[in-house]
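Each chain, letter by letter, is given below.
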Amino acid sequence: MWWQKSYDVVIAGSGLGAASLAYKLSSAGLKILILERGEWPKRDDEDWKAESILIQSRYAQKSPTFIQQYESSTPAETHMNENVGGMSVFYGGAAFRMRETDFGAWPYHYAELAPFYDQAEELLEVHGARGEDPLEPASNQPYPFPSLQLNPPAQRIYDAASKLGMRPFRTPLAINFKNKVRSLCIQCETCDGYPCRLNAKNEATTILAKAQASGNLDIATGVLVDKVHSHADSVRSIDCVSQKDGTRHSIKSKLFLISAGTIGSAGILLRSQLDSRFPHARLIGKNLMRHANGIVSAIFPFKTNPRREFHKQVCVSHFYEDARTHDGFATGIIQDIYTPQSKVIRHFGPKGLSFVGAALSPFIQNLLCIAEDEPQEKNRVFLSSKTDEHGVSLLEIEHSYTQRDEIRRDFLMSQAKRILRKAGGIPCNQMLINTFSHALGTARFGISDRSAVLNSQCQFFGLKNLYVVDGSFMPTSAGVNPSLTIVANALKVAEHLSKSRESWS
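Overview of the structure.

Cut-off values and rules
- Residues numbered from 1 in each chain as written.
- Predicted model: local features only at pLDDT ≥ 70, side-chain atom pairs only at ≥ 80, totals over all residues.
- Heavy atoms only, no water.
- Pairing = 2+ DSSP bridges.
- Helix = DSSP H or I, 4+ residues; strand = E, 2+ residues; numbered from the N terminus.
- Axes fitted to C-alpha atoms, helices over the stretch in contact; angles between N-to-C directions.
- Contact = heavy atoms within 4.5 Å.
- Phe/Tyr/Trp six-rings, centres within 6.5 Å; stacked < 30°, edge-to-face > 60°.
- Lys NZ or Arg CZ within 6 Å of the ring centre and 35° of its normal.
- Buried < 20%, exposed > 50% of the residue type's maximum accessible area, 1.4 Å probe, protein only.
- Salt bridge = Lys/Arg side-chain N within 4 Å of Asp/Glu carboxyl O.
- Core = buried A, V, L, I, M, F, W, Y, C linked by side-chain atoms within 4.5 Å.
- Left-handed = near helix turned anticlockwise from the far one by under 90°.
- Nonpolar A, V, L, I, M, F, W, Y, C, P; charged D, E, K, R; others polar.

### Some points on the sheet that holds strand β18 (residues 393-399)
Sheets are built from strands paired through backbone hydrogen bonds, the pairs being either parallel or antiparallel.
Stage number 1. One open sheet accounts for four strands, arranged β4-β3-β18-β17; its pairing is mixed. Across the chains shown, the open sheet's two edge strands, defined by having one partner strand only, are β4 (76-78) and β17 (380-387). Each neighbouring strand pair of the sheet contributes to a mean axis angle of 30°, computed without reference to strand direction.
Stage number 2. As defined by bridge partners, β17 adjoins β18 across five bridges and the pair is classed as antiparallel. Among the inter-strand pairings, valine 381 is bridged to a residue of β18, identified as isoleucine 397.
Stage number 3. Along the sheet, helix α6 (residues 261-271) contacts β17 and β18; its crossing angle with β17, the most-contacted strand, is approximately 65°.

Set out below in C-alpha cells:
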C-alpha cells in the first residue's frame, strides 16, 4: 500500500500546480506520491447534466467551508468541489499569460517566467494566435496549435467590439481541438463549470496521465491531508486521514509540496501551527484574492446560439491598463461566456425573475468581466472552531472588495453592456460572481519573510524542504485567468528543485 512505500516527494493536492510538478519531477526519476481528498472524475453522462453538476453538486465535499462575503452578517455553509485535478476539471480552458506590467509586486520580472510560460503552453497544448492580443507579452515561440475559426455567437461579439474600436482577439484555450492522439473537443456547451466527459479539456488530469507514464507517480485518492510536522529547518512528515475508513497515516519523505488549492493549502499550513516557530506564518491564509468578477446579460431579438455550440472564444483587453496609472492595478478583461441552461437559470436566478429568465434563455448572450482585486490582509482563510468527522479543523473565509475593486469591475461591466448593445442586444441583468474558482494569494511569495510566507522559489521561509505550488503563492491577481501562470510557476519551481536536490534531499 502507498503508506508503506518510500517516496522522494509527497504532494498534497492534485490540481494544476501539483500535476505540473509531478510531471517534471517524475520524469527526472523521483518517486512521487500525491495525496488527494477527492476521487477521479467519473467521465460519464451525468458529468454533462446540469442537474447533476450545477444543481445537485455531484463533486461537492462532504465537509463544509463557512464563507462570509459581500458584507453578509453571517457565514454561509458552502460545499466546494473535491476531485482529482482540482478546480481545473471545471474550468473553461482560458490560458492567458500575465502581462509584463502585472509583475510590479513580484520578486521577479516577466522575463524570468517567460520560458516557463512557453513550457506551460506546450504542456497544456494551448490553441491560440500570436499577435492578435494588442497587449500580449513577449514570447519566442508560436502557440502549439492554431486558434479555431470563431463560431457565430463569438463572431457576433468580435464584430461588435471591433466596431467600437476595442481590438478583440481569439482567446488562447487549453482544449484539445486538434491533437488526434487524444479525444477531440466536440465544441458543446458543457465546458465551463463541467467535467469533460470526453476528457478533451487539457487540465490537471491530462498532465497527471503524462506523469504516470513515467512509472514514478502514485496517486492516493480519498485522502485528506491534515498537517505537516517540522523540526529545526525541515519538515519530517505529513499527517493524513482516509475519508473512506478514517484510518490515519503519517508519511515521511525528503520533500513536501503543498498544492491543495489556495484555500485548502492555507488550511494545511494553519493546522500545522507554524506560527509557533516562524513569525511570518502570521500571514498564512491572509491576502486572499479571487478577482472582482461579474457577468452582464443581454436579450436579443433572435436565438443567440441555436446550434448550442462552444463559443468561449473572444476576449477584449482594450481597457487592461486604464486603471494602472491611478491605482496601480489592472482593470482586467472581458470574455464571451455561455448562457446556462434554462433549468439552471430557473434554479439560481433572481427571485421573481428566474422563470422569465429561463424562458428567455435561448435569446440571451453574456459577457464575463474579470477585474483585478487588491490583496488585503483582512481577506482571509482561517480555522473554524468546528471539525469534520475525522477531527480535522474546518475552514472559514472572510472576503470583501475595496471600493477600487468595485470601480474596476463596474467599469468593465459598463463596457460589456456597450458591446452587447452594439451586437444587437438589450442589457437586462448583471450578476456578481461569489465563487472562489480564481482563489489566489494565501501564502504569497516575496523577497523577505517580513512581508511574505514563501521565497521567490515558493519555499517556505525557514524550512528547506517545504514548498507551496498552487495559486497561493501569487502576491497579486493580475486581470486574467490564473491557470497558465500556476502551471508556469510550478514548472519553474520544478526546475529549481531538480537543480538544488542536494539542499533538500
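And the narrative resumes.
### With respect to the packing of aromatic side chains
Stage number 1. For the structure shown, the criterion picks out 17 aromatic pairs.
Stage number 2. Joined through ring pairs, the aromatic side chains of Phe103, Trp106, Tyr108, Tyr110, Tyr117, Phe445 and Phe473 make up one cluster.
Stage number 3. Looking at arginine 99, its charged tip hangs above the ring of tyrosine 320, at a distance of 5.3 Å from the centre.
Stage number 4. The ring of phenylalanine 436 is capped by arginine 290, whose NZ or CZ atom sits 4.4 Å from the centre of that ring.

### Points about the pairing of strand β10 (residues 234-242)
Stage number 1. When you tally the buried positions in β10, you get eight out of nine residues, the bulk of the element.
Stage number 2. Bridge count for strand β9 (residues 223-231) against β10 is eight bridges, and the pairing is antiparallel. Directly across from valine 228, in β10, lies its bridge partner isoleucine 238.
Stage number 3. Here β9 folds back onto β10, and the loop between the two strands holds two residues, one of which, alanine 232, carries a positive phi near 55°.
Stage number 4. Here β10 runs beside strand β11 (residues 248-252); their pairing, made up of five bridges, is antiparallel. The partner of aspartate 239 across the bridge, within β11, is serine 250.
Stage number 5. Hairpin connection of β10 to β11: five residues between the antiparallel strands, including glycine 246 at a positive phi of 80°.

### A closer look at the pattern of salt bridges
Two side chains with opposite charge may pair up if their charged atoms get near one another.
Stage number 1. Tallied over the entire structure, the rule returns 35 salt bridges.
Stage number 2. Two residues, arginine 307 and glutamate 309, come together in a salt bridge whose shortest N-O distance is 3.1 Å.
Stage number 3. Taking the relative accessible area as the measure of exposure, glutamate 309 reaches 13% and is therefore buried.
Stage number 4. Taken together, the shared-partner salt bridges connect Arg97, Asp118, Glu121, Arg130 and Glu136 into one network.

### Comments concerning the nonpolar core
Stage number 1. Core analysis: the biggest nonpolar cluster contains 108 residues, and Leu35, Ile238, Leu257 and Phe460 have the highest contact counts within it.
Stage number 2. If one sorts the elements of this core by residue count, helix α11 (residues 483-499) sits on top with nine residues.
Stage number 3. Apart from residues no more than four positions distant in its own chain, phenylalanine 460 is found in contact with Leu274, Phe278, His280, Ala281, Ile284, Val453, Leu454 and Leu466.

### Points about the packing of helix α1 (residues 16-27) against α11
Stage number 1. Between α1 and α11, the least distance of the axes is 8 Å, while the angle of their chain directions is 35°. Handedness of the crossing formed by α1 with α11: right-handed. From α1, Leu16, Gly17, Ser20, Leu21, Lys24 and Leu25 reach across to α11, where they touch Ser483, Ile486, Val487, Ala490, Leu491, Val493, Ala494, Leu497 and Ser498.
Stage number 2. A class-by-class count of the residues in the contact of α1 with α11 yields 10 nonpolar, four polar and one charged.

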